Amino acid sequence: MFLWAWLACGGGAAPVDTPPDLVGVVLYAGDHTVLVEPDGAPGVRRLEAGTERPTPGATHAFWLEGDHVQRSAERGAGTVPEGWSAEGLPVRGTVMERSESRVVLDHSAIPTVMDAMVMGFTVAPHEAAPLMPGDTVEARIVRSRYGWQLVEPVKTGTADVWTDAGVPALLVGDTLESVTLEGPDGPVTVGAGQGEPTLLTFVYTRCPDPSFCPAIAARLAALESQLVGGRILTVTLDPDHDTLPVLARWSKSVGAGERWVTARLTGDALRALALRSGQHVTVQGARISHLHRVLVLDAEGVLIERYDDDAWPADRVVRQLATGQPRAREGTVGTESP
């Protein structure tokens, strides 16, 4: 009798009287991935889809084997985030970085939702694993209360991405090898022997996205007005277009003063400096997509700190450039807060 009941429940599926392993609202149900907001717990749970496809927008009970759905049962209507779409929203882009559960995508515009940009998405480990920097993908994104989730990525090709496992990114305490660049006013040295604390970052002058290079330039202009020591160095990622005269005009247009230097490198030397700075770059015609990277180096070219977005604290950076130290020493400019 028990064997018959077990087979009637679907072979290895959990018996009907077994308590479910998870209950929550289904945000997305695709061929490979199911996204669930669990009842009574924050976050989004990513499940591997089974043979049944639960109803998006409804509350379901799930019987699982690890993260794989063995069986599910609908429990009623659920509450979904504002702007949520049961099918998710289609997106195309290029993988710039990938970890076990996160993909940074240089993606196209999504009409009425977001502009084209470089953005990080949470992704299931089994879906992230096949992806590599430079892969172009088609996928869907799903809105949750905990940010956008990337699901069902499919590789469609490759793009020119500056990435090389043989050029490791600097770690705090590492010294950047000395590099000599071209500047509008003559050679510029960064790295070992540079002689003064330096903020190093990357831009290109014809960047069309106001939330990227123009926004970085505005923040740097505000930062320069507060500096009491050190310098700012911006390196172009587009040396074919950004000649020395172009850089000189751009510097003037963004209000760069005496403590702000622009410079250029070409070819492998530029790629090596970018990669040592943790800067991955995607080149697609005249469009160059890159991550936000701001490095603070002491007078000897040793990395004090790297900031990986545009929310770096100006007061902290001012102190680091004034002292050449991660934290301001007592009796110097200010006192570093935690």
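The rules behind these values
- Residues numbered from 1 in each chain as written.
- Predicted model: local features only at pLDDT ≥ 70, side-chain atom pairs only at ≥ 80, totals over all residues.
- Heavy atoms only, no water.
- Helix = DSSP H or I, 4+ residues; strand = E, 2+ residues; numbered from the N terminus.
- Buried < 20%, exposed > 50% of the residue type's maximum accessible area, 1.4 Å probe, protein only.
- Contact = heavy atoms within 4.5 Å.
- Pairing = 2+ DSSP bridges.
- Core = buried A, V, L, I, M, F, W, Y, C linked by side-chain atoms within 4.5 Å.
- Phe/Tyr/Trp six-rings, centres within 6.5 Å; stacked < 30°, edge-to-face > 60°.
- Lys NZ or Arg CZ within 6 Å of the ring centre and 35° of its normal.
- Salt bridge = Lys/Arg side-chain N within 4 Å of Asp/Glu carboxyl O.

**Structural notes on the environment of R271**
Of note, R271 is situated in helix α5 (residues 267–276). Judged by relative accessible area, R271 falls into the partly exposed class, the value being 31%. Counting along the chain gives ten residues from R271 to V281, while the straight-line C-alpha distance between them is 8.8 Å. Those residues in contact with R271 that sit more than four places away from it in its chain are D160 and W162.

**A few points about the side chain of E37**
With respect to the helices and strands, E37 occurs in strand β2 (residues 33–38). You can call E37 buried: its relative accessible area is 8%. Setting aside residues no more than four positions away along its own chain, E37 makes contact with G24, V25, L27, G43, V44, P81, S144, R145 and Y146.

**Remarks on the pairing of strand β13 (residues 186–190)**
Consecutive side chains of a regular strand alternate in pointing toward one face of the sheet and then the other. Summarising the sheet, strand β12 (residues 179–183) and β13 pair through five bridges and their orientation is antiparallel. For L181, the partnering residue across the bridge sits in β13 and is V188. Hairpin connection of β12 to β13: two residues between the antiparallel strands.

**Comments concerning the nonpolar core**
By size, the foremost hydrophobic cluster in this structure holds 49 residues, and its most contacted members are L223 and L273. Among residues more than four places away in sequence, those in contact with L273 are L176, V179, L181, L200, F202, V235 and L265. V103, M119, F121 and V137 belong to the second-largest nonpolar core, a separate cluster that totals 16 residues.

**A few points about the packing of aromatic side chains**
The tally for this structure, following the rule as stated, stands at one aromatic pair. For the pair W250 and W260, a centre-to-centre distance of 6.1 Å together with 90° between the ring planes defines the contact as edge-to-face. Note that W250 is positioned in helix α4 (residues 244–253) and W260 in strand β16 (residues 260–263), a separation of ten residues in sequence. Since its relative accessible area comes to 11%, W250 is described here as buried. Under the relative-accessibility criterion, W260 is labelled buried at 4%. Geometry around W63 places R71 over its ring, the cationic atom sitting 3.8 Å from the centre. Sitting over the face of the ring of W312, R219 holds its NZ or CZ atom 3.9 Å from the ring centroid.

**Some points on the pattern of salt bridges**
Applying the stated criterion to the full structure yields twelve salt bridges. Note that E138 and R92 form a salt bridge whose closest N and O atoms lie 3.3 Å from each other. Here E138, found in strand β9 (residues 135–144), pairs with R92, found in strand β6 (residues 89–98); they are 46 residues apart in sequence, far enough to count as distant. Classification of E138 by relative accessible area gives partly exposed; the value is 36%. One salt bridge connects D308 with R306, and the closest N-O pair in it is separated by 2.7 Å. Classification of D308 by relative accessible area gives partly exposed; the value is 40%.

Keep in mind these values describe shape, not function.
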